[in-house]
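Structure assessment
Each chain, written out:
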Number of protein chains: 2
Amino acid sequence: MISKKMTALVNNSSVIRAMFEEGKRLAGIYGPENVFDFSLGNPNVPAPAAVNDAIRHIVDEEESTTIHGYMSNAGFEDVRHRIAASVNRRFGTNFSTDNIVMTVGAAGGINVLFKAIINPGDEIIAFAPYFGEYRAYADNVDAKLVVVPPHIPDFQPDLDNFEKLITPKTRAVIINTPNNPTGVIYSEATLGAMAQILERKQQEYGSEIILFSDEPYRELAYDNAVVPYVTKYYKNTVVGYSYSKSLSLPGERIGYLVLPGEMDDAENIISACNVATRILGFVNAPSLMQKVAAECVDIDVSENVAIYNRNREALFSGLTEAGFECVKPEGAFYMFVKTPVDDTEFAAMAKKYNILVVPGSTFACPGYVRIAYCVAYDTIVNSLPGFRELAKELGL
Amino acid sequence: MISKKMTALVNNSSVIRAMFEEGKRLAGIYGPENVFDFSLGNPNVPAPAAVNDAIRHIVDEEESTTIHGYMSNAGFEDVRHRIAASVNRRFGTNFSTDNIVMTVGAAGGINVLFKAIINPGDEIIAFAPYFGEYRAYADNVDAKLVVVPPHIPDFQPDLDNFEKLITPKTRAVIINTPNNPTGVIYSEATLGAMAQILERKQQEYGSEIILFSDEPYRELAYDNAVVPYVTKYYKNTVVGYSYSKSLSLPGERIGYLVLPGEMDDAENIISACNVATRILGFVNAPSLMQKVAAECVDIDVSENVAIYNRNREALFSGLTEAGFECVKPEGAFYMFVKTPVDDTEFAAMAKKYNILVVPGSTFACPGYVRIAYCVAYDTIVNSLPGFRELAKELGL
């Protein structure tokens, strides 16, 4: 009785649900402190105090009908103005209120942009390993997700294969940097080369290709790594941002799209994104959280980054010392570890040590597992004996 | 460069945007107090004090990582439990946590349900006049919206024509009671008759037809009118609720679906709604507002209803005394007024008196205009001289 598209998704999804249930089951038997759940990108670090301060302050001082009321589908004008100003200040860009559309998180933003620009049969290119939901988002607009194979072992984008996979039907390319699941950051040189390829292919095919930069992890960069602002390299760029990770607000569903005026047909695309926000059922990004985001727009999140960095160092040295292979993440809070056996089997073996990780197959990259280290430091430290045992069992 | 589907929507949508801009322009010239904007269903009544109290209390007392974090796509279990209990208490139903899926407002809920059950080419039946967005929601899943013509002048559902329009492809029927834009409430007898027709047609075609009851106005009923709970009449019923109107929280995007266990294939439909919530990009309903809704679940909103009722009485007597014809609304906060001339022309004529109303054509019912009376009482009183002038101009 459910739709055909949904049938496959429900069956698929129950694999992940089973893992979630397994985590709860194990916690019941061994105690939560003895279960090492690295499966979810749900920040363990609390939101900065400024977030709850902003909530109290807004609720005390602003009109209820404004705080909780409808506004333009694109969001409150003052909020969009402050966000544009902050982006300009931090990244040397030149956006205005009209270039910002507030969204229900980054996932909402991707769906809005796809709805605005994609026709059925269009192609959207992603780079493996990629966040598995991209496939569902492409399917929502009946587009074909074209996958550039992973570039092993450094997981930088494979630009040669990328160029070969661009066709006259390519309408969008989605990148995610800092990357989930690898932690890799695309450099200026990489983005410059990617832009040149796109320009060349647009000219060759007489087409327009949007480069969508999915950036929920923008602020989570370690060792002073620079995360270049993608609109500077290619004019048909749209940025999708979320406060889920930087402000630890994943449940609140608050983010925004940056839609530069330099884009081809920018005015229509911006209008279409407003309409898409409405008709997809979002209507607008949650109103109070829009105002909170505006108050916290320039907040210093280096303290949170330091916490994740401590986790990263502990996990990376622990795993490599145990014999595992992995690229040291430059950003985000994931480690993508090579599995000497099939990744699904590896995940099952890890579970025996109460360690929960996600098989790389979920990210179109078998032979690896993703470890989300947005957990308590103790969880990492206490998981290491299990990882060492697992390494022995695997003969590492 | 925008998608083909979106091109028409953007052009269409600019008509409404033009009205909104016109309102702002007029307010600039004549002062906001002299512009009577009845165009939007944006409650003028502030949220009950309990809402902001709940926000402060939750932020002060609960863990940040819980309040603002991820939870199951269906929403917090304790929130869904409290909502199920409240529905059971108030309407004599028997739902549990599993029957509730938290949604990004009612619009989010409709899109989730449609995504879960609709295949391309399926038919969804709506009764004119209907909320214009239903057409876009049907189009999001490539369904055909089949419209039962309006039953004039009482705007009760035309069940004879309804029965004739049900085909083997009918997969869902959407009703909205109390109704936007007419204020009509469907009686027990009406719902019983509708259920019989659906049962009969399901049997005839060997099909399963979901009755979707879109209920953001459930609590807004006047003169002690009863709003029957639709799941009691027909087992394949899904209820979509929103706190937008009852708690004056339209910008916060918080509501829920009720998915009864008695439905055919209930377990799969519930799973599919969870997955749809995730893949459509909602991920989950905004987390803090879920908790606020749970705290306010049994709140008495009669004070707000009294405010809208005062508006209703003033507007209804003012308009009928001026010579306009309209069914007195039993619920919601809209009046659907007959126009002696073309409704778009009527709206243009009204604008000369700084009165903004929405043509009935927007609701697939030309010859009427919708007046949203969720405005300040003074706006209504001060608009009446203009309405009287307009009546004279029209020879009423």
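Everything below is about the structure printed above this text.
All of the points below concern the structure found in this document. Note that the coordinates shown come from a computational prediction; the quantities given were computed from them, not determined experimentally.

With that settled, consider the interface of chain B and chain A. Many analyses report the size of an interface as the accessible area lost when the parts associate. Every contact between the two is made by 75 residues of chain B and, on the other side, 75 residues of chain A. When chain B packs against chain A, close to 5900 Å² is buried across both sides, 55% of that on carbon and sulfur atoms. For the pair chain B and chain A, the interface holds 4 salt bridges. As a salt-bridge pair, R278 of chain B and E133 of chain A come within 2.9 Å of each other at their nearest N and O atoms. Linking chain B with chain A are 42 residue pairs in polar contact (both at pLDDT 80 or more). Of all the elements, helix α9 (residues 266-279) of chain B adds the most residues to the side of chain B that touches chain A, at 8 residues. For the side of chain B that touches chain A, the per-class residue count stands at 36 nonpolar, 22 polar and 17 charged.

Moving on: the packing of aromatic side chains. Residues and elements named next belong to chain A. Applying the stated criterion to the full structure yields 39 aromatic pairs over all chains. Ring plane angle 70° and centroid distance 5.1 Å describe the contact between F333 and Y334, whose orientation is recorded as edge-to-face. Taken individually, F333 and Y334 each receive the classification buried, so the pair is uniform in this respect. An aromatic cluster is present here, built from F38, F324, F346 and F387 joined pairwise through their rings. For R310, the ring lying beneath its charged end belongs to Y377, and the centroid distance is 3.6 Å.

Residue and element names in this part refer to chain B. Residue alternation in strand β8 (residues 255-258) divides its side chains into two sets, G255 and L257 and Y256 and V258, and both sets are buried. Pairing of strand β2 (residues 100-103) with β8 involves 4 bridges; the strand directions are antiparallel. Across the sheet, T103 pairs through a bridge with G255, a residue of β8. When strand β7 (residues 237-242) meets β8, the two strands line up antiparallel, connected through 4 bridges. Paired with S242 across the bridge in β8 is G255.

So, on to empty space enclosed by the protein. Under the definition given, this model contains 5 cavities of 30 Å³ or more. As a volume, the largest cavity reaches approximately 130 Å³. Contributing elements (two or more residues each) for the lining of the largest cavity: β3 (123-127) and β5 (170-176) of chain B. In the lining of the largest cavity, the residues fall into 15 nonpolar, 5 polar and 1 charged. In this model, the second largest cavity occupies a volume close to 90 Å³. Lining the second largest cavity are 14 residues, and of these F127, A128, P129, F155 and Y186 of chain A sit closest to its centre. Tallied by class, residues from the lining of the second largest cavity come to 9 nonpolar, 4 polar and 1 charged.

Another point: the pattern of salt bridges. All names here are of chain B. For the coordinates displayed, the defined rule picks out 36 salt bridges over all chains. Measuring nitrogen to oxygen at the nearest pair gives 2.7 Å for the salt bridge that ties D142 to K5. One end of the pair, D142, is in the loop between α6 (133-140) and β4 (144-148); the other, K5, is in helix α1 (residues 4-30), with 137 residues separating them in the sequence. Taking the relative accessible area as the measure of exposure, D142 reaches 31% and is therefore partly exposed. Taking the shortest distance from any N to any O, the salt bridge between K352 and E393 comes out at 2.8 Å. Note that K352 is positioned in the loop between α12 (343-351) and β10 (355-356) and E393 in helix α13 (residues 377-393), a separation of 41 residues in sequence.

All names here are of chain B. Pairing in this open sheet of 3 strands is antiparallel, and the strands run β9-β12-β11 from one edge to the other. Since the sheet does not close on itself, it has two edges, and those belong to β9 (334-338) and β11 (358-359), each with one partner. Of the pairings in the sheet, the one linking β11 to strand β12 (residues 368-372) comprises 2 bridges and is antiparallel in character. By the bridge assignment, V358 is partnered in β12 with R370. The sheet contacts of helix α11 (residues 302-322) involve β9 and β12, and relative to β9 the element is tilted by about 5°.

Between chain B and chain A, which share one sequence, the superposing operator has a rotation angle of 180° and an axial displacement of 0.0 Å; the RMSD is 0.0 Å. Such values leave the two copies arranged in the relation of a two-fold axis. The position closest to the rotation axis in chain B is occupied by the C-alpha of R56 of chain B, lying 3.1 Å away. Counting the interface residues of chain B, we find that 100% of their copies in chain A are interface residues as well, pointing to one common contact surface.

Attention now goes to the environment of F346 of chain B. Residue and element names in this part refer to chain B. By the element assignment, F346 lies in helix α12. For the pair F346 and P260, spaced 86 residues apart in sequence, the C-alpha to C-alpha distance is 44 Å. Here F346 is in contact with F324, T339, P340, V341, V357, V369, L390 and L394, once residues within four sequence places are set aside.

Residue and element names in this part refer to chain A. Cis geometry marks the peptide bond from T177 to P178; its omega dihedral reads -5°. With respect to the helices and strands, P178 occurs in the loop between β5 (170-176) and α8 (188-205). You will see that S248, though not glycine, has its phi angle at about 55°, which is positive. By the secondary structure assignment, S248 is in the loop between β7 (237-242) and β8 (255-258). Under the relative-accessibility criterion, S248 is labelled buried at 4%. You will see that A332, though not glycine, has its phi angle at about 60°, which is positive. Mapping A332 onto the fold places it in the loop between α11 (302-322) and β9 (334-338).

This part is about the sheet that holds β7 of chain A. Residue and element names in this part refer to chain A. In space, the 7 strands of this open sheet follow the order β2-β8-β7-β6-β5-β3-β4, with mixed pairing throughout. The sheet is open, and its two edges are formed by β2 (100-103) and β4 (144-148), each paired on a single side. For this sheet the average axis-to-axis angle between neighbouring strands, irrespective of direction, equals 20°. Along the sheet, helix α4 (residues 77-91) contacts β2 and β8; its crossing angle with β2, the most-contacted strand, is approximately 115°.

Another aspect to go through is the packing of helix α5 (residues 105-117) of chain A against helix α9 (residues 266-279) of chain A. Residue and element names in this part refer to chain A. The geometry of α5 relative to α9 is characterised by a closest axis approach of 8 Å and an angle of 120° between their N-to-C directions. The orientation of α5 with respect to α9, classified from their angle, is oblique. Crossing hand, α5 versus α9: right-handed. Of the residues in α9, those touching α5 at V112, L113, K115, A116 and I117 are I269, A272, C273, A276, T277 and I279. In terms of residue class, the contact of α5 with α9 is made up of 9 nonpolar, 1 polar and 1 charged.

A separate point is α13 of chain B. Residues and elements named next belong to chain B. With 17 residues, α13 should reach 24 Å at 1.5 Å per residue; the first-to-last C-alpha distance of 25 Å fits that figure. At L384, α13 is deflected by roughly 35°, the largest bend along its length, and proline P385 occurs up to four residues later in sequence. Taken as a whole, α13 has its buried residues at T379, I380, S383, L384, G386, F387, L390 and A391. Here the buried face of α13 lies against β1 (36-37), α11, α12, β10 and β12.

On the surface, E77, D98, E208, D265 and E267 of chain A cluster together into a patch of negative charge. Among the structural elements, E77 of chain A can be located in helix α4.

All names here are of chain B. Counting through the fold element by element, M19 comes out in helix α1. Classification of M19 as buried rests on a relative accessible area of 17%. As for M19 and V357, which are separated by 338 residues in sequence, their C-alpha atoms are 9.0 Å apart. Those residues in contact with M19, other than ones at most four positions away along the chain, are S39, L356, V357, V358 and P359.

Calculation rules
- Counting starts from 1 at the beginning of each chain's written sequence and moves along it residue by residue.
- Naming scheme: in the order in which they are written, chains are lettered from A and ligands are numbered from 1.
- Owing to the predicted nature of the model, reporting of local features is limited to residues with pLDDT of at least 70; listing and counting of side-chain atom pairs is limited to 80 or more, with chain, interface and lining totals taken over all residues.
- In computing side-chain values, all of the structure's heavy atoms are included and hydrogens and water are not.
- What makes two residues a contact is simply this: any of their non-hydrogen atoms within 4.5 Å.
- Joining two parts hides part of their accessible area as seen by a 1.4 Å probe, and the buried area is that hidden amount summed over both.
- By convention in these notes, a salt bridge is any Lys or Arg side-chain nitrogen within 4 Å of a carboxyl oxygen on Asp or Glu.
- Distance and chemistry together define a polar contact, namely a pair of N or O atoms within 3.5 Å, with one atom able to donate a hydrogen and the other to accept it when in protein, and with adjacent residues in sequence counting only for side-chain atoms on both sides.
- A run of H or I in DSSP becomes a helix once it reaches four residues, and a run of E becomes a strand once it reaches two; helices and strands are each numbered from the N terminus.
- In this classification, Asp, Glu, Lys and Arg are treated as charged, Ala, Val, Leu, Ile, Met, Phe, Trp, Tyr, Cys and Pro as nonpolar, and every other residue, Gly included, as polar.
- Here the aromatic set is Phe, Tyr and Trp, taking the six-membered ring for Trp, and pairing holds for ring centres within 6.5 Å; pairs whose planes are under 30 degrees apart are stacked, those over 60 apart are edge-to-face, and all others are tilted.
- Each residue is assigned to one of three classes by its accessible area relative to the maximum for its type, calculated with a 1.4 Å probe on protein chains only: buried under 20%, partly exposed between the two thresholds, exposed over 50%.
- Two thresholds decide whether a charge sits over a ring: the Lys NZ or Arg CZ must be within 6 Å of the ring centre and within 35 degrees of the ring normal.
- What makes two strands pair is DSSP finding at least two bridges between them.
- A pocket here means an open set of points on a 1 Å grid, computed over the protein atoms alone, that has protein on both sides within 12 Å along at least five of seven lines. A cavity is instead a set of points where a 1.4 Å probe fits but cannot get out; residues with an atom within 4 Å of a point line either one.
- Grid points are joined across faces, edges and corners, and a volume is the space filled by probe spheres set on the points.
- Axis definition: a line fitted to C-alpha atoms, limited for helices to the stretch in contact. Angles are taken between N-to-C directions and run from 0 to 180 degrees.
- Here the copies are superposed with least squares, the fitted atoms being C-alpha atoms of residues at a pLDDT of at least 70 in both.
- Each angle is binned into one of four classes, with values under 35 degrees roughly parallel, values over 145 roughly antiparallel, values of 65 to 115 roughly perpendicular, and all other values oblique.
- Each helix crossing is assigned a hand: it is left-handed if the near helix lies turned anticlockwise from the far helix by less than a right angle, otherwise right-handed if that turn is clockwise.
- Given a helix with a known number of residues, its expected span is that number minus one, times 1.5 Å.
- One fitted axis covers the seven residues ending at a residue, a second covers the seven starting there, and the bend at that residue is the angle between these axes.
- The patches described consist of residues with a relative accessible area above 30% and no salt bridge, like charges being joined within 9 Å and nonpolar side chains (Val, Leu, Ile, Met, Phe, Trp, Tyr) within 5 Å.
- Throughout, the Shrake-Rupley method with a 1.4 Å probe supplies accessible areas, and for residues the shown protein chains are the sole cover considered.
- The positive count covers Lys and Arg only, the negative count covers Asp and Glu only, and His and the chain ends enter neither.
- Charged groups are reduced to one reference atom each: NZ for lysine, CZ for arginine, CG for aspartic acid, CD for glutamic acid.

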